[in-house]
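# Notes for the structure review
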Amino acid sequence: MAVASKKIICPSCGFSNNAPLANNRCVSCGAKIEDMKRALTRQEELERRYQQEGFSLPWFGVSIGIITVMTAALVMGLPMVVPLFDFEGSAGMTVAIPVWFLGGMLIGLVSPGRTFVEPMVAVFLVALPTAFLLHSGQTVKTMPAFMYALMSALGVVFTLIGSYIGERIQMGPPPKQAE
């Protein structure tokens, strides 16, 4: 006769997990499930639902890869294929910011758990060489160096917003309160 395993309800997404959990994480959303000594209030559950639990190095690596490929493809690769699109100088930074926003949203949609800081750090590391490259290659659409730094910072903020929106879409609405 099979022994029935204990079900553990994830406080983040409401998924019903089987008792022996790998690394105390939800199978559905990847949220950390601690041994609950006390029941959380509804307000505590909702506040905890949207908090990042830690920094994930694997998802940071994925973020660097996705953001780098998307930035290089649009800012540097597209002008090679279609010469009409010459994203030099300020135009390159203006195009890079929405690319970073969409990259953050994409990573937020596909990553398990709550990982919205990893894309932000990845964009910071990609924005530095992108801004330097676009500044050094500007000929017509010139912009001072501090504007590249400001636009890079704006890109980092938009990436954080995009990845947070992606996480919110991935998690869906909060679970209904049991009555």
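So, here's what we can say about the structure. All values derive from a computational prediction rather than experimental measurement.

### With respect to the overall build of the protein
- When its secondary structure is counted, the protein shows five helices and two strands.
- In the protein, the succession of helices and strands from N to C terminus is β-β-α-α-α-α-α.
- In the protein, which comprises 179 residues, the share counted as buried stands at 36%.
- Sequence separation of at least 24 residues holds for 69% of the intrachain contacts in the protein that already meet a minimum separation of 6.
- Surface accessibility of the protein: about 10,400 Å² in total, with carbon and sulfur atoms responsible for 69%.

### Comments concerning the environment of Gly113
- By the element assignment, Gly113 lies in the loop between α3 (89-110) and α4 (118-136).
- The buried category is assigned to Gly113, whose relative accessible area is 7%.

### What to know about a nonpolar patch on the surface
- Residues Leu106, Leu109, Val110, Leu154, Val157, Phe158, Ile161, Ile165 and Ile169 make up a contiguous nonpolar surface patch of about 700 Å² in total accessible area.
- For the nonpolar patch, the secondary-structure elements that each account for two or more residues are α3 and α5 (145-171).
- With six residues, the top contributor of residues to the nonpolar patch is α5.
- Inspection of the secondary structure puts Ile165 in helix α5.

### Points about the side chain of Thr115
- Inspection of the secondary structure puts Thr115 in the loop between α3 and α4.
- A polar side-chain atom of Thr115 sits 2.4 Å from a polar atom in the side chain of Ser111.

### Describing the nonpolar core
- Ile67, Met93, Trp100 and Tyr148 are the most contacted members of the largest nonpolar core, which totals 20 residues.
- If you list the elements that add at least two residues to this core, you get α2 (57-81), α3, α4 and α5.
- Top element by residues in this core is α3. It accounts for seven residues.

### Structural notes on the packing of aromatic side chains
- Per the counting criterion, the structure on display carries three aromatic pairs.
- Relative to Phe158, the ring of Phe101 has its centre 6.4 Å away and its plane inclined at 75°; by these criteria the two rings are edge-to-face. Linking Phe101 in helix α3 with Phe158 in helix α5, this pair joins segments that are 57 residues apart in sequence.
- Phe158 sits in the partly exposed class, given a relative accessible area of 33%.
- Summarising the aromatic geometry, the rings of Phe116 and Tyr164 are spaced 5.4 Å apart at their centres and angled 90° between planes, so their arrangement reads as edge-to-face. Of the two residues, Phe116 sits in the loop between α3 and α4 while Tyr164 sits in helix α5, which places them 48 residues apart along the sequence.

### Observations regarding the environment of Met143
- Its location among the elements puts Met143 in the loop between α4 and α5.
- On the accessibility criterion, Met143 (11% relative accessible area) is buried.
- Each C-alpha atom, one on Met143 and one on Ala91, is 9.8 Å from the other, the two residues being 52 residues apart in sequence.
- The residues contacting Met143, other than those within four sequence positions of it, are Ser90, Met93, His135, Gln138, Tyr148 and Met151.

### A look at α4
- The end-to-end C-alpha distance of α4 is 28 Å, a good match for the 27 Å that 19 residues give at a rise of 1.5 Å each.
- Most pronounced at Ala127, the bend in α4 amounts to some 25°, and the proline Pro129 follows within four residues.
- Residues Glu118, Pro119, Ala122, Val123, Val126, Ala127, Thr130, Ala131 and Leu134 constitute the buried set of α4.
- Tucked into the core, α4 has its buried residues touching α2, α3 and α5.

### Re the packing of α2 against α3
- Closest axis-to-axis distance for the α2/α3 pair is 9 Å, and the angle between their directions is 145°. Pair α2 / α3 crosses with right-handed handedness. The residues of α3 that touch α2, namely those facing Trp59, Ser63, Ile66, Ile67, Met70, Thr71, Leu74 and Val75, are Gly92, Val95, Ala96, Val99, Trp100, Leu102, Gly103, Gly104, Leu106, Ile107 and Val110.
- Grouping the amino acids of the contact of α2 with α3 by side-chain chemistry returns 14 nonpolar, five polar and no charged.

Parameters and conventions
Residues numbered from 1 in each chain as written. Predicted model: local features only at pLDDT ≥ 70, side-chain atom pairs only at ≥ 80, totals over all residues. Heavy atoms only, no water. Helix = DSSP H or I, 4+ residues; strand = E, 2+ residues; numbered from the N terminus. Buried < 20%, exposed > 50% of the residue type's maximum accessible area, 1.4 Å probe, protein only. Contact = heavy atoms within 4.5 Å. Areas by Shrake-Rupley, 256 points an atom, 1.4 Å probe, with all protein chains shown as cover. Patch = residues over 30% accessible without salt bridge, like charges linked within 9 Å, V, L, I, M, F, W, Y side chains within 5 Å. Salt bridge = Lys/Arg side-chain N within 4 Å of Asp/Glu carboxyl O. Polar contact = N/O pair within 3.5 Å; in protein donor to acceptor, adjacent residues only side chain to side chain. Core = buried A, V, L, I, M, F, W, Y, C linked by side-chain atoms within 4.5 Å. Phe/Tyr/Trp six-rings, centres within 6.5 Å; stacked < 30°, edge-to-face > 60°. Expected span 1.5 Å × (residues − 1). Bend = angle between axes of the 7 residues up to and from the residue. Axes fitted to C-alpha atoms, helices over the stretch in contact; angles between N-to-C directions. Left-handed = near helix turned anticlockwise from the far one by under 90°. Nonpolar A, V, L, I, M, F, W, Y, C, P; charged D, E, K, R; others polar.

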